[in-house]
Amino acid sequence: MNRTYPKGRNFDNNSFGSTETMLEKEEKDCCHGCTRKCVCITALVLFMLIIIAVAIALATVFALPARTPESRLCTTADNLTGYLCDDRITCLLPSQVCNSANDCGNGEDEAASLCSNLPDSLPGNLFFRCGNPSIWIYSNFKCNGINNCGDCSDESAALASCPSCGSGWWNCNPVLFQYCNCVPRSLCQNGAQDCSDWSDEYVCIK
Ligand SMILES: [Ca+2]
Ligand SMILES: [Ca+2]
Ligand SMILES: [Ca+2]
């Protein structure tokens, strides 16, 4: 018995016997392409996120040490050795460090590591040990004309390397305990004895 096939209809030998139509095949191919594209986009986004995370981590790691100056040494407006804050601009007087007031923006001048064992926890340039080593003063009180140590060791040339009396001072043996080797010229000819030899009243000229 001879079989006849409908005319005008093409049969695909590859799909013959399969229930998958051409349309379904095209849709399947399209989805494959889409899936591959989606995977690529996801991978790209993940890659970008990793790059951003690494950049943030590196910035954090390298930024933290940069906030702490390598050296805290600085010069104050009065030409004294001072303490440099984290902002690298503010230069504190030594006596502003560990004085229970936050003078640096971040309060680093009151850090426990700096103030827990005074004066040894301070940088050496911020304090001075008096003739009696159990007594110390902030270094900005050294050579300031005032007897801060109590034994005038902070005003001596031998221990504190202090220069002789400056132009605003008169060299004599003061009668007042608060001075050591000189008295302020403002005390000259003020009608009161400030030097043991009265030179502040009879020799010194304001
Ligand atoms: Ca302070
Ligand atoms: Ca002094
Ligand atoms: Ca006087």
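All values reported here derive from a predicted model rather than from experimental measurement.

A few points about the coordination of the calcium ion (ligand 2)
Now for step 1: On the protein side, the calcium ion (ligand 2) has Phe141 (O), Asn144 (OD1), Ile146 (O), Asn148 (OD1), Asp154 (OD) and Glu155 (OE) as donor atoms, found 2.2 to 2.3 Å from it.
Now for step 2: Metal-centred angles of 80 to 175° between the six donor atoms at the calcium ion (ligand 2) mark the site as octahedral.
Now for step 3: Sequence spacing of the donor residues for the calcium ion (ligand 2), all on one chain, is F-x2-N-x1-I-x1-N-x5-D-E.
Now for step 4: Its relative accessible area of 32% is what places Asn148 among the partly exposed residues.

Section: the side chain of Asp109
Now for step 1: With respect to the helices and strands, the residue Asp109 is situated in the loop between strand 3 (91-92) and helix 2 (112-115).
Now for step 2: No salt bridge is formed by the buried Asp109; its nearest oppositely charged neighbour, Arg72, is found at 8.5 Å.
Now for step 3: In this view, Asp109 contacts Tyr83, Leu92, Gln96, Val97, Cys98, Asn99, Ala101, Asn102, Asp103, Cys104, Leu114 and Cys115; residues no more than four positions away in its chain are not counted.

Comments concerning the coordination of the calcium ion (ligand 3)
Now for step 1: Listed as protein donors to the calcium ion (ligand 3) are Leu187 (O), Asn190 (OD1), Ala192 (O), Asp194 (OD), Asp200 (OD) and Glu201 (OE); their distances from the metal cover 2.2 to 2.4 Å.
Now for step 2: Of note is the calcium ion (ligand 3), whose six donor atoms meet at the metal with angles of 74 to 164° in an arrangement that counts as octahedral.
Now for step 3: All donor residues of the calcium ion (ligand 3) come from one chain, and their arrangement in sequence is L-x2-N-x1-A-x1-D-x5-D-E.
Now for step 4: Residue class for Asp194 comes out buried when judged on its relative accessible area of 6%.

Re the packing of aromatic side chains
Now for step 1: Taken as a whole, this structure holds four aromatic pairs when the rule is applied.
Now for step 2: Measuring from centroid to centroid gives 6.3 Å for Phe127 and Trp136, while their planes differ by 85°, and the two rings are edge-to-face.
Now for step 3: Look at Phe127 and you get buried, because its relative accessible area is 17%.
Now for step 4: The class of Trp136 is partly exposed, set by a relative accessible area of 24%.

Here's the deal with the state of the cysteines
Now for step 1: All chains considered together, the criterion is met by nine disulfides.
Now for step 2: Covalently, Cys98 is tied to Cys115 through a disulfide, its sulfur atoms 2.0 Å apart. Residues Cys98 and Cys115 share a disulfide whose torsion about the S-S bond is about -85°; that sign makes it left-handed. On the criterion of sequence distance, the pair formed by Cys98 in the loop between strand 3 and helix 2 and Cys115 in helix 2 is long-range, its members being 17 residues apart. Just as Cys98 is buried, Cys115 falls in that class too.
Now for step 3: Two residues, Cys130 and Cys149, share a disulfide whose sulfurs are 1.9 Å apart. The chirality of the disulfide connecting Cys130 with Cys149 is left-handed, given an S-S dihedral of about -75°. Here Cys130 is found in the loop between strand 4 (127-129) and strand 5 (136-138), whereas its partner Cys149 is found in the loop between strand 5 and helix 3 (157-160), with 19 residues between them in sequence.

Looking at the pairing of strand 2 (residues 81-84)
Now for step 1: The pairing of strand 1 (residues 73-75) with strand 2 spans three bridges and is antiparallel. For Cys74, the partnering residue across the bridge sits in strand 2 and is Gly82.
Now for step 2: Where strand 1 hands over to strand 2, the hairpin turn is made up of five residues, of which Asn79 adopts a positive phi near 65°.
Now for step 3: As judged from the two bridges shared by strand 2 and strand 3, these two strands associate in the antiparallel manner.

Thresholds, definitions, all that
- Residues numbered from 1 in each chain as written.
- Chains lettered and ligands numbered in written order.
- Predicted model: local features only at pLDDT ≥ 70, side-chain atom pairs only at ≥ 80, totals over all residues.
- Heavy atoms only, no water.
- Donors = N, O, S within 2.8 Å, 3.2 Å for Na, K, Ca; no water.
- Tetrahedral: all angles 85-135°; square planar, octahedral: opposite > 155°, others 65-115°.
- Buried < 20%, exposed > 50% of the residue type's maximum accessible area, 1.4 Å probe, protein only.
- Helix = DSSP H or I, 4+ residues; strand = E, 2+ residues; numbered from the N terminus.
- Lys, Arg positive; Asp, Glu negative; His and termini not counted.
- Salt bridge = Lys/Arg side-chain N within 4 Å of Asp/Glu carboxyl O.
- Contact = heavy atoms within 4.5 Å.
- Phe/Tyr/Trp six-rings, centres within 6.5 Å; stacked < 30°, edge-to-face > 60°.
- Disulfide = S-S within 2.5 Å.
- Pairing = 2+ DSSP bridges.

These values are about where atoms sit, not about what they do.
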